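Coordinate inspection notes
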Amino acid sequence: MEYISTRGGTGAVDFEGALFSGYAPDGGLFMPSCIPSLDRPTLQQWSHLSYPELVKEICFLFVKPELIPRRTLSDLIDRAFSKFRHKDIVHLSRLKNGLNVLELWHGVTYAFKDLSLSCTGQFLQYFLEKKQKHISVLVGTSGDTGSSAIESVRGQKNVDIFVLLPKGLCTQIQELQMTTVIEDNVHVFVVDGNSDEIDEPIKELFADVDFARRNNLMSLNSVNWSRIMVQIAHYFYAYFQCTPTLDSTTLPVVEIVVPTGGGGNVTAGCIAQKMGLPIQLVAAVNSNDIIHRTVKDGDFSLSGRVKATLASAMDIQEPYNVERILWLLSGSDSHLTKTLMEQFTVSKSLKLPEGLHRKVSETLRSCSASDEDIVQAMQRCWEENHYLLCPHSAVAAHYHYSHLDSCGSSTPRCCLAPASAAKFQDAVLRAGLVPEIPPEITALTAMETRSTVLQRGEDWARVLRDRITAVEQCWGKRGAALTSPGLQGVNGQA
């Protein structure tokens, strides 16, 4: 299995190469050169597997055993899920009126990103320990990515992580989950900008190939293929949990509703579909509706500034993983993908070619939910089930409640729940409901915090360059000291 850029301007790399990259050197995103197709007997065999076992089977397809032996890969995944609170790691709640909620948030930070990032952190450590190498991880977050990424590498001696979060646009709990981590390898920046604006200095640093290579720079945003790979398992697990039987002549279809921001999770769903899983995907967005307009009208264009919504982690106007979807649905047409994305970069406006738009609308359905829609979905779910939804999960529930009869009584529907309501107390209160707050989250408010503020008007890219360079130089000195003959002798005597 090799990985190639969606823009076709760089050579193929193996899984290790894709793992340690952010954007590809040509500005594209890495994707598998081919998508494996699963036959019916394999699907029937997989239908009996647990969630961790499904993650392993997916990873076995995309990671060569020459890079990570299967037994080792299995152990790494077991270790990644060892801190999850639910015995099944992922849990399906079957609620009234056909509302199936797949809880993806039982990890340390109460967000679905713990699933992919805990695995990715283990994969990184495996290669870093083998090669005695140091990396600098650069991450922009609209809410949950930052805390999950920090949790996956905190305290690791050969990783430093730099996280940019938008000032005042995350919930207090989301921000505290980042700023209360005071390990020396964690560097948090609170930025006076929105989610799309903080992506700009990150793109600039990755585009400087010499700087990125010199400082071993990589990303744990969903530009990183490893995250997409692990998330493919969500769809197989959701399908097997919701489908009544695999014994019918034609495999039944399950509709899966995906709360969508940067598009990484729905990209994983498109890949699962391409692998032969009979699912109908719905991209559910908030008022930042660029993906909805892309599916509905072929209009991949900005519409003013990012709107602050109750579903704050989805407040994104430039969902970079759409590039992967366009590449996949264009038949891996790198030239077309490069042309389209370069046009979007320049004009922030793009009309999809008719044939490609048709493919997108055949693959995806979509909807957009206002804050009022989110509140109403949260209220209805509580009234009918005494079950609290986070505002992102409520975007998916809004679609369900609006389409109770649209996919037919025989077609099951599953709504992915990306976060616990415990992280979004303001939204719960706005819905007139009472937050349920775990003690681990309550404790955050009394903890010491540490962060660096980046003001509007500052050269954010320069500040990041300077900090990353200083850390890498410090590591270089430590590494040289650790490998010097004199120090080795002292260590040997100890």
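Residues numbered from 1 in each chain as written. Predicted model: local features only at pLDDT ≥ 70, side-chain atom pairs only at ≥ 80, totals over all residues. Heavy atoms only, no water.

**Comments concerning the pattern of salt bridges**
Any two side chains of opposite charge can pair, on the condition that their charged atoms come close. Here is the rule we go by: The term salt bridge refers to a side-chain nitrogen of Lys or Arg lying within 4 Å of a carboxyl oxygen of Asp or Glu. Labels follow the DSSP assignment, with helices taken as runs of H or I lasting at least four residues and strands as runs of E lasting at least two, numbered in each case from the N terminus. Think of it in three bands: with a 1.4 Å probe and only protein chains considered, a residue is buried below 20% of the maximum accessible area for its type, exposed above 50%, and partly exposed in between.
Counted by the stated rule, this structure contains 23 salt bridges. Note that K131 is salt-bridged to E16, the shortest N-O span being 2.7 Å. Of the two residues, K131 sits in helix α5 (residues 113–131) while E16 sits in helix α1 (residues 15–19), which places them 115 residues apart along the sequence. Residue E16 is classed as buried on the basis of its relative accessible area, which comes to 14%. The salt bridge partner of E183 is R154, with a shortest N-O separation of 3.2 Å. Placement of the pair is E183 in the loop between α7 (172–179) and β7 (186–191) and R154 in the loop between α6 (145–153) and β6 (159–166), with a sequence separation of 29 residues. On the basis of relative accessible area, E183 is assigned to the partly exposed category, the value being 26%. Salt bridges sharing partners connect three or more residues here, namely E151, R154 and E183.

**Some words on the packing of aromatic side chains**
This is how it is decided: The pairing test for Phe, Tyr and Trp rings, Trp by its six-membered ring, is centres within 6.5 Å, and the orientation test on the planes gives stacked under 30 degrees, edge-to-face over 60, and tilted for anything in between.
In this structure the tally under the stated criterion is 13 aromatic pairs. Arranged with centres 5.9 Å apart and planes meeting at 50 degrees, the rings of Y51 and F81 form a pair that is tilted. Taken as a pair, Y51 in helix α3 (residues 51–62) and F81 in the loop between α4 (70–80) and β3 (91–94) lie far apart in primary sequence, 30 residues in all. Like Y51, the residue F81 is buried in the burial classification.

**What to know about the nonpolar core**
Spelled out, the test is: Within this scheme, the nonpolar core is defined by two criteria: the residues are buried Ala, Val, Leu, Ile, Met, Phe, Trp, Tyr or Cys, and they are joined through side-chain atoms within 4.5 Å. Note on definitions: a residue-residue contact is assigned when non-hydrogen atoms from the two residues lie within 4.5 Å.
The biggest cluster of nonpolar side chains holds 109 residues, and the ones touching the most others in it are F15, F123, W225 and F236. Residue contributions to this core peak at 13 residues, all from helix α10 (residues 225–242). In this structure F123 touches F15, L19, C59, L73, L76, I77, S226, M229 and V230, once residues within four positions along its chain are discounted. Core analysis: the second largest hydrophobic core is formed by 36 residues, M314, C381, A396 and A421 among them.

**Describing unusual backbone geometry**
The backbone of Y110 sits at a positive phi, close to 65 degrees, despite the residue not being glycine. As for its placement among the helices and strands, Y110 is situated in the loop between β4 (100–103) and α5. Positive phi outside glycine occurs at S332, with the angle close to 60 degrees. In this fold, S332 is placed in the loop between α13 (322–329) and α14 (334–347).

**Thoughts on the UniProt feature "modified residue: N6-(pyridoxal phosphate)lysine" (unreviewed entry) in the protein chain**
To keep it simple, the criterion reads: UniProt positions are given in the numbering used here, feature names are shortened, and annotations may be inferred rather than shown by experiment.
The UniProt feature table records "modified residue: N6-(pyridoxal phosphate)lysine" (unreviewed entry) at K113. As for its placement among the helices and strands, K113 is situated in helix α5. Among residues more than four places away in sequence, those in contact with K113 are D144, T145, S148 and R227.

**Section: the sheet that holds β6**
Heads up, the rule is: Two strands are said to pair when DSSP picks up at least two bridges between them.
Reading across from one edge, β8-β5-β6-β7-β13 is the order of the 5 strands in this open sheet, with parallel pairing throughout. Single-partner strands in this sheet number two, and they are β8 (217–218) and β13 (452–454). Inspection of the sheet shows β6 paired to β7 by 6 bridges, in the parallel sense. Across the sheet, residue L165 finds its bridge partner in β7, namely V190.

**With respect to the sheet that holds strand β10 (residues 279–285)**
Condition: Angles here are taken between N-to-C directions and fall from 0 to 180 degrees, while the axes themselves are lines fitted to C-alpha atoms, restricted in helices to the stretch in contact.
The mixed open sheet is built from 6 strands, whose spatial order is β3-β4-β12-β9-β10-β11. The open sheet has two edge strands with one neighbour each: β3 and β11 (364–368). Direction aside, the axes of adjacent strands within the sheet are offset by 25 degrees on average. Lying over the sheet, α10 contacts β3, β4, β9 (254–259), β10 and β12 (413–417), oriented at roughly 135 degrees with respect to β9.

**Quick look at the packing of α5 against α10**
Stated precisely, the cut-off is as follows: For classification purposes, an angle smaller than 35 degrees is called roughly parallel, one larger than 145 roughly antiparallel, one from 65 to 115 roughly perpendicular, and anything else oblique. When the near helix sits turned anticlockwise from the far one by under a right angle, the crossing is termed left-handed; a clockwise turn instead gives a right-handed crossing.
Direction vectors running N to C along α5 and α10 enclose 130 degrees, while the axes themselves pass 9 Å from each other. When the axes of α5 and α10 are compared, the pair comes out oblique. Here α5 and α10 pass one another in a crossing that is right-handed. Counting all contacts with α5, which are made through K113, L115, S116, L117, C119, T120 and F123, the residues of α10 involved are S226, R227, M229, V230, Q231 and H234.

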